[in-house]
Amino acid sequence: QVQLVESGGGLVQAGGSLRLSCAASGRTFSSYAMGWFRQAPGKEREFVAAITRSGGSTDYAGSVKGRFTISRDNAKNTAYLQMNSLKPEDTAVYYCAADRHVLRSTTPSMYAYWGQGTQVTVSS
């Protein structure tokens, strides 16, 4: 099992940047593919970005491609989501997720482990 704790959320003006972190417990972090998802009020949870175990391959939702960057540091048991050029429509609770049985997935149900979420609010 792995426990995930997100941090780095907050309030930022449109055009600003934030970096989210997802700290994982345990010694097998490198065995897990990682994903970031978000959920705005009244909406379903949606895919943001995903990264393979080694960090060698990534995937992004079209709405964030070119603005967000997912990365990981397996030595620090941490995944990151660098968010630049933020827009009000990026406002949501952001969750990181992990699973050791997928290569990299855009589907929330493919991830077994989830963090508690961190709020990101972008003001116009």
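Above this text sits the structure in question.
Cut-offs used in this document
Residues numbered from 1 in each chain as written. Predicted model: local features only at pLDDT ≥ 70, side-chain atom pairs only at ≥ 80, totals over all residues. Heavy atoms only, no water. Salt bridge = Lys/Arg side-chain N within 4 Å of Asp/Glu carboxyl O. Helix = DSSP H or I, 4+ residues; strand = E, 2+ residues; numbered from the N terminus. Buried < 20%, exposed > 50% of the residue type's maximum accessible area, 1.4 Å probe, protein only.

1. A word on the pattern of salt bridges
- A complete count under the given rule lists 3 salt bridges for this structure.
- As a salt-bridge pair, Arg38 and Asp90 come within 2.9 Å of each other at their nearest N and O atoms. Remark: Asp90 occurs in the loop between β8 (78–83) and β9 (92–99) and Arg38 occurs in strand β4 (residues 33–39); sequence separation between them is 52 residues.
- According to the relative accessible area criterion, Arg38 is buried, its value standing at 6%.
- Residue Asp90 is classed as buried on the basis of its relative accessible area, which comes to 1%.
- In this structure, the salt-bridge partner of Asp90 is Arg67, at a minimum N-O distance of 2.7 Å. One end of the pair, Asp90, is in the loop between β8 and β9; the other, Arg67, is in the loop between β6 (58–60) and β7 (68–73), with 23 residues separating them in the sequence. A single burial state applies to Asp90 and to Arg67, both of which are buried.
- Because the salt bridges share partners, they merge into one network encompassing Arg38, Glu46, Arg67 and Asp90.

2. Things to note about unusual backbone geometry
- Even without being a glycine, Asn77 presents a positive backbone phi close to 55°.
- Structurally, Asn77 is set in the loop between β7 and β8.
- Judged by its relative accessible area of 17%, Asn77 falls in the buried class.
- The phi dihedral of Ser85 is positive, around 50°, even though this residue is not glycine.

Nothing here speaks to function; it is geometry throughout.
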